[in-house]
Amino acid sequence: MSPSESSSKPPTPALAGPGQEGLWDEMTDRQGRVRPLWSKFSAALNGWNSEHRAELGYSADRLLEDLGATYNVYNDAGGAGRPRRIDPLPLLIDGAEWRSVSAGLSQRARLLEVVLADLYGPQKLLKEGLIPPDLIHANPHYLANIRGIQPSGGRHLIGIGFDLVRNAAGNWSVMRDHTRSPGGQGQTLENRSVTASVLPGEFEDCRVANLAPFFESERETFRSLAAGHVNMPNVVLLTPGFRHPSYFEHAYKARVLGIPLVEPADLTVRERRLFLKTLSGLRRIDVLACRLDTDAIDPLEFWTHGGSGVPGLTEAWRSGNVALANAPGSGFGGTLALMPFLRGVCKKWFGEDLKLPFVETWWLGQSRIRQQVVNDLRHYVIHPAFTSGRPVRGSQMSIAERAQWTATLEARPHDFVVQREMKPSVTPSLEGQTIRSRSVIWRAFCLQTGTGSSILPGGLAMVVQDGGLVEDSQETGQVSKDVWVTDNSAAHAVEPVIRLSQPAVTRDPLASEVPSRMAEQLFWVGRYAERIELRTRLLRTTLRRLGGELSSIRRNQRDACFSILRQMKILQDDGPQVGRLPVMMLARLIHDAKYPKALPSLIRSLLWNAASARDRLSDDTWRVFNRLENLLQPGSSNPTVTSQLQILDSLVLHLAAFSGMQAENMTRGHGWRFLEIGRRIERSLGVLSLLESTPDTQADEVPALDPLLETCDSVMTYRRRHFSRPRWDAVVELLLFDSTNPRGVMSQAEILSKQCEMLPGERDFGLMPKIREHVASLVETPPSALTVPDRAGFEKRAAAFEQLSDLLTQHYFSHSVRRVY
Amino acid sequence: MPAAVQYQIVHRTRYLYEGAVTVSHHLAHLAPRPLPTQRCPWHELQITPQPVGRSVHSDAFGNVTTYFEIEGRHTELDVISRSFVEVMPSELPDPAATPAWETVRDACQAPMLTPSSAAGEFRFASPMVPVAREFAEYALPDFPPGRPILAALEAFMKRIFREFRFDTRATDVATPVHDVLRNRAGVCQDFAHLMLACIRSIGLPARYISGYLETLPPPGKPKLTGADASHAWISLFCGDKHGWIDADPTNGIFPAQRHITVAWGRDFSDVSPLRGVTLGAGGQRLSVGVDVMQMEG
């Protein structure tokens, strides 16, 4: 029976009953008795009614969403950003069993390290015939360029992930080694945080082992890799960037470790040393936790056409000036084709048997076994040996397909690896209100410290999807659960939940530094947040004048609003809006994701910039951001004024929440400063653009004035000053020159002047004198300026703020283009 | 038996950048490597502006590799490599005495590291050299069953020389080998890559050689193509006894004393004479000048 068939069972209130034929059931034995390990948890499970089960799932999803844990959610192309899901029911592992598996994994980690060190060094394994030379020669994951380099820190592998499955006999065995970087640790931490929150009682009852010591130990291990006995070594985590599917995981991990998250563009190599580009200059980096594919780390030494990476990084590493964890080329250790040879290496070099079995795996270049496997293809999964490509299950082949594969395998045996198809053990899994049996793969993690190995007491349990390939579950399944190692030893049960959202206690010397790129991104977060707010207010002001009875005043105001929208080129007359109902035209500006002037595309730009500065923004900020896009989902094809106003009101409140958090909760570092400066520049530009677009300013009664004050949130201020109907000159005075109006241009200029004084760097260096001079001119109000400017006057003022933006960009943000030849 | 020939080689590479470059990183493979038939008693690399970080290491294939960085605004990079090289005479084996090409192919697949299976490293696809059936099909007419490997190599090299047109406008550095095969035109680097693709596609190990060619026409002989630039050819592994034998498909000859080897690798990407990554705006102009002068004995 295949794992997928378990779903055909009728839903039962809670799962009980005999284990399925040929599968190991984690919770019950063959006689249908609950295993002692699960007794408490099973009792709890049986006590839940369907409502409680639904509530559990809902809470878990919600918590995960709040952590922002979706894969690549900011992918503009859409589609790839399917959210990952969590099953709150944990996989339980008995403490004694965990210790025995750990011993096997430690041995395996030691073995993989020795194999990598030899194959990137003297290659005795090839000379002794323990590993066929073709396995490295044909393998693109084996990087010939770096052969002979002694990794700084003395070892190749720091973190390793292992995929384990439990077979029908109840034995855990290794299905895959992940030696490039231990992916999934961020998810593990998220799952722990969510599961322990929704199942607090069960978590306590099971005496679940704490994950924190492992990550503390990892932080220490990274530090210990620094060459040259630096007192406080600088460690950073290098991610390919927020478009990478695992970006969130990288960000989360960096935060747990309390180290900065950086992208390749943040780093530079000077005199064969690695530096982080910060606002206050270059900062030496001693250790790099690297999450890039090796051939993407350095465009100088690896032939990558995109030219991504950090030029010179390989040389810095070769010179021993920076440690990389894991070392470049380590991914080769996880090659499936290597697996069948590890047993022999362990026997010959360690004099030991493998303590932990592995799933039967054959490289078909081994002529001895080829015929036997090909005859028995239906029991195996075929993998390309050295290229990426989807594995194919022999059990799913038609007779014709099998014949075709047999021919292919006989013609090009070296290109394929086969692994026996596994039926992993099943465990209770919550799906909606129902609990079903689902197959799981356990990803365990190992850390190679200076003195030995440490295994995480827990891990990531990946749920195998219906009819899905076991091998695919990480990429396509995206349903995972926590692993609880239940341990009665007091050492592990001190603190029930580790405080994962807390940054490391030790203050990192780099913590206060802001990478230049991040400052730029925060600057644009400020600009977009403000742009969205003003746009939202303008749309709301317009909408408010659509419904109800149309008095002549309201009609004139409505026309004035549309005139402003056109003048500001938000509404374009040649667009498809012409001739449609006004409410439809506005709805398009609120919902149309494809129209660049509409709110969704502005929000995407905001998120795009915020995503790269994720670790500078609080969880609460992300909660607000995560909801922005959903707010604008088009609700019905027939929008009403009321429904649209509700949406805009809600949007205004969310944006106010963000600016409140920025004002109240963000540390006043340079990151905050650039966000604030961006916001102030944008607000000035917005007000000036509104004034410039106001129609009929020469008329006795200017119909746009009420909407203008409303959009600029200055109605109350105006009323307090003037007890008359709004006058153009008085409105301009209030919005332009009155420094007590927090929405006015003058108070923005004053804030800019204050913040620019506190910008980092030498006051006389580069463009700084020019920036200071320019800001001063913004605050000055020559008597002549007090007269009401004409359209050109507003334009000139706006240009001055634009120029400040340009000066800051030139001085602080790198705009250089990289060339590779 | 001819005597050793001595050369003085000057290889100058200049980059003129349109906009100022602020930082640049480079990797050079410009020092001729020592061989049983070649000595390089003297080599120097003159780099302007003065690099801030500079180091020399031996890469995975044993080539001398120079890494350097230039910091501070610069609009020009000038790299002059000067070498003194002595090339000894060598003799090719009798083709009939070399093993059948399939014997060499099979020996390279040994499950244990031997000289042959070590050479096996060079029989797989590499960044610029794909392995595919169309390449095998092009090569096979010259590799009938049982043919001695050197005889097959000579026939195949001469066929490429005959059937392909030397044309500097036909390709650039990024032209895929598939296009070279289809268009039957290119320069020395293309012919070397094409020949490697064909040879590897039938399972034999072959490597890319980067070097120079003396282009002064000897009396009564035609001037050889490939002048005034660095040159490229290939080397085929012909079994444990005969080792690696070079072949120059651009000129249809076996290199002797007029080919100077600088470096070898799986393809051009391993041994690019001067590779660089610059940070700065604008385009660039490249000029390369190579002079290979024979010293009077």
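Sequence positions are assigned chain by chain, starting from 1 and proceeding in written order. Whichever chain is written first becomes A and whichever ligand is written first becomes 1, with later ones labelled in order. Restriction of local features to residues with pLDDT of at least 70 applies here, the model being predicted, together with a cutoff of 80 or more for giving and counting side-chain atom pairs; totals for whole chains, interfaces and linings are based on all residues. Only heavy atoms go into the side-chain values, all of them from the structure, while hydrogens and water stay out.

**As for the overall build of chain A**
Thinking step 1. Counting from the N terminus, the helices are DSSP H or I runs at least four residues long and the strands are E runs at least two residues long. From N to C terminus, chain A includes 27 helices and 21 strands.
Thinking step 2. We call a residue buried when its accessible area falls under 20% of the maximum for its residue type, exposed when it is over 50%, and partly exposed in between, using a 1.4 Å probe and counting protein chains only. Going through the 821 residues of chain A one by one, you find that 58% of them count as buried.
Thinking step 3. Per-residue accessibility takes into account occlusion by the displayed protein chains alone, with areas from the Shrake-Rupley method and a 1.4 Å probe. Surface exposure of chain A reaches about 33,000 Å², of which carbon and sulfur atoms provide 50%.

**Overview of the environment of Ala265(A)**
Thinking step 1. Of note, Ala265(A) is situated in the loop between β6 (261–262) and β7 (267–270).
Thinking step 2. In sequence terms Ala265(A) and Asp293(A) are 28 residues apart; their C-alpha atoms lie 16 Å from each other.

**Digging into the sheet that holds strand β10 (residues 259–265) of chain B**
All names here are of chain B.
Thinking step 1. Note on pairing: DSSP must find at least two bridges between two strands before they are called paired. Across the sheet, four strands lie side by side as β9-β8-β7-β10; this open sheet has antiparallel pairing. Looking at which strands have only one partner, the edges of the open sheet turn out to be β9 (244–247) and β10. Put simply, the sheet's adjacent strands are angled 35 degrees from each other on average, direction ignored.
Thinking step 2. Direction of pairing for strand β7 (residues 206–213) relative to β10: antiparallel, over a ladder of six bridges. Within β10, the position partnered with Ser210 by the bridge is Ala263.
Thinking step 3. Residue contacts are defined here by distance: any two heavy atoms, one from each residue, within 4.5 Å place the two residues in contact. Angles here are taken between N-to-C directions and fall from 0 to 180 degrees, while the axes themselves are lines fitted to C-alpha atoms, restricted in helices to the stretch in contact. Running at roughly 15 degrees to strand β8 (residues 231–237), helix α6 (residues 188–201) makes contact with β7, β8 and β9 of the sheet.

**Overview of the pattern of salt bridges**
Residue and element names in this part refer to chain A.
Thinking step 1. Whenever a carboxyl oxygen of Asp or Glu lies within 4 Å of a side-chain nitrogen of Lys or Arg, that contact is scored as a salt bridge. This structure, assessed with the given rule, holds 56 salt bridges over all chains.
Thinking step 2. The shortest N-O distance in the salt bridge between Glu421 and Arg393 comes to 3.4 Å. With Glu421 in the loop between β15 (416–420) and β16 (426–431) and Arg393 in strand β14 (residues 392–393), the pair connects residues that are 28 residues apart, well separated along the chain.
Thinking step 3. Its relative accessible area of 25% is what places Glu421 among the partly exposed residues.

**Here's the deal with the domain arrangement of chain A**
Residue and element names in this part refer to chain A.
Thinking step 1. We note that the domain assignment places domain 1 (91–332 + 438–492) and domain 2 (516–812) within chain A.
Thinking step 2. Start and end points for every domain follow an automatic or database-based domain assignment. In this structure, domain 1 and domain 2 have C-alpha centres spaced 45 Å apart.
Thinking step 3. Listed as interface residues are 13 residues of domain 1 and, on the opposing side, 15 residues of domain 2.
Thinking step 4. Overall, the association of domain 1 and domain 2 removes approximately 1,300 Å² of surface from exposure, summing both partners, and the carbon and sulfur fraction of that is 52%.
Thinking step 5. Considering only the surface of domain 1 that becomes buried against domain 2, Phe242, Arg255 and Leu279 emerge as the three largest contributors, covering 47% of it.
Thinking step 6. If you look at where domain 1 meets domain 2, you find two salt bridges. Defined in terms of a 1.4 Å probe, buried area is the accessible area two parts forfeit on being brought together, summed over both.

**Quick notes on the packing of aromatic side chains**
Thinking step 1. Stacked, edge-to-face and tilted labels apply to pairs of Phe, Tyr and Trp rings (six-membered ring for Trp) whose centres lie within 6.5 Å, assigned for plane angles under 30 degrees, over 60, and everything in between, in that order. In this structure the tally under the stated criterion is 28 aromatic pairs over all chains.
Thinking step 2. Judged by centre distance (6.3 Å) and plane angle (75 degrees), the ring pair of Tyr120(A) and Phe332(A) falls under edge-to-face. Placement of Tyr120(A) in the loop between α3 (95–119) and α4 (124–127) and of Phe332(A) in the loop between β11 (323–325) and α11 (339–350) is noted, with a sequence separation of 212 residues between them.
Thinking step 3. Given a relative accessible area of 3%, Tyr120(A) falls into the buried group.
Thinking step 4. Take Phe332(A): its relative accessible area is 0%, and that puts it in the buried class.
Thinking step 5. One aromatic cluster in this structure is built from Trp101(B), Tyr138(B), Phe143(B), Phe156(B), Phe164(B), Phe166(B) and Phe191(B).
Thinking step 6. Above the plane of the ring of Tyr380(A) lies Arg420(A), whose end atom (NZ or CZ) is 5.0 Å from the centre.
Thinking step 7. Over a ring means this: the NZ of a Lys or the CZ of an Arg is within 6 Å of the ring centre and within 35 degrees of the ring normal. Taking the ring centre of Tyr595(A) as reference, the NZ or CZ of Arg588(A) above it sits at 4.4 Å.

**A look at the nonpolar core**
Residues and elements named next belong to chain A.
Thinking step 1. Definition used in this section: a nonpolar core is a set of buried Ala, Val, Leu, Ile, Met, Phe, Trp, Tyr and Cys residues joined via side-chain atoms within 4.5 Å. Ranked by internal contacts, the top residues of the largest apolar core, which has 95 residues, are Leu599, Phe625, Ile681, Leu691, Phe801 and Leu808.
Thinking step 2. No other element matches helix α15 (residues 516–543), which puts 12 residues into this core.
Thinking step 3. Discounting chain neighbours no more than four positions away, the residues touching Leu808 are Phe523, Ile677, Ile681, Leu759, Ile771 and Phe813.

**Focus: the interface of chain B and chain A**
Thinking step 1. Between chain B and chain A, the contact holds 46 residues from the first and 34 residues from the second.
Thinking step 2. Taken as a group, Leu113(B), Arg275(B) and Val277(B) account for 19% of the area that chain B buries against chain A, more than any other trio of residues on that side.
Thinking step 3. Here chain B is connected to chain A by three salt bridges.
Thinking step 4. The shortest N-O distance in the salt bridge between Arg270(A) and Glu71(B) comes to 3.5 Å.
Thinking step 5. Throughout this description, a polar contact denotes any pair of N or O atoms lying within 3.5 Å of each other; where both atoms belong to protein, one of them has to be capable of donating a hydrogen while the other can accept it, and for residues adjacent in sequence the pair is counted only when both atoms sit in side chains. Between chain B and chain A we count 13 residue pairs in polar contact (both at pLDDT 80 or more) in total.
Thinking step 6. Broken down by secondary-structure element, the contributors of at least two residues to the side of chain B that touches chain A are β1 (5–28), β3 (53–58), β4 (64–87), α2 (115–119), α7 (268–271) and β11 (274–280) of chain B.
Thinking step 7. Residues are sorted three ways: Asp, Glu, Lys and Arg are charged, Ala, Val, Leu, Ile, Met, Phe, Trp, Tyr, Cys and Pro are nonpolar, and all the rest, Gly among them, are polar. Considering only residue class, the side of chain B that touches chain A consists of 24 nonpolar, 15 polar and seven charged.

**Focus: the packing of helix α2 (residues 50–66) of chain A against helix α6 (residues 185–198) of chain A**
All names here are of chain A.
Thinking step 1. Viewed as axis vectors pointing N to C, α2 and α6 meet at an angle of 140 degrees, and their least axial separation amounts to 10 Å. By the angle between their directions, the pair α2 and α6 is classed as oblique. The handedness of the crossing between α2 and α6 comes out as right-handed. Taking contact as the criterion, the partners of Leu56, Ser59, Ala60, Leu63 and Leu64 in α2 are, on α6, Glu190, Val194, Ser197 and Val198.
Thinking step 2. Taken together, the residues that form the contact of α2 with α6 break down as six nonpolar, two polar and one charged. For classification purposes, angles smaller than 35 degrees are called roughly parallel, those larger than 145 roughly antiparallel, those between 65 and 115 roughly perpendicular, and all remaining angles oblique. If you view the pair so one helix is near and one far, a crossing is left-handed when the near helix is turned anticlockwise from the far one by less than a right angle, and right-handed when it is turned clockwise.

**What about the state of the cysteines?**
Residue and element names in this part refer to chain A.
Thinking step 1. We call a pair of cysteine sulfur atoms a disulfide whenever their separation is within 2.5 Å. Applying the stated criterion across every chain yields a total of zero disulfides over all chains.
Thinking step 2. In this structure Cys290 is a free cysteine whose sulfur lies 19 Å from that of Cys446, the closest cysteine sulfur available.
Thinking step 3. Cys290 sits in the buried class, given a relative accessible area of 6%.

**Re the domain arrangement of chain B**
When the parts come together, some accessible area is lost, and that loss is often what is quoted as the size of the interface.
Residue and element names in this part refer to chain B.
Thinking step 1. In terms of domains, chain B is made up of domain 1 (5–87 + 272–294) and domain 2 (95–255).
Thinking step 2. For domain 1 versus domain 2, the separation of C-alpha centres amounts to 26 Å.
Thinking step 3. Listed per partner, the contact involves 10 residues of domain 1 and eight residues of domain 2.
Thinking step 4. Overall, the association of domain 1 and domain 2 removes approximately 810 Å² of surface from exposure, summing both partners, and the carbon and sulfur fraction of that is 57%.
Thinking step 5. The largest per-residue losses of area from domain 1 upon contact with domain 2 belong to Phe61, Val290 and Val292, which jointly make up 49% of the total buried on that side.
Thinking step 6. Between the two partners, domain 1 and domain 2, sit zero salt bridges.
Thinking step 7. The interface formed by domain 1 and domain 2 contains three residue pairs in polar contact (both at pLDDT 80 or more).

**Thoughts on the sheet that holds β6(A)**
All names here are of chain A.
Thinking step 1. Within the open sheet, the four strands sit side by side as β6-β5-β10-β11. Their pairing is parallel. Two strands bound the open sheet, and with one partner strand each, they are β6 and β11.
Thinking step 2. Looking at chain direction, strand β5 (residues 235–238) and β6 are connected through two bridges and run parallel. Bridge pairing in β6 links Leu237 to Leu261.

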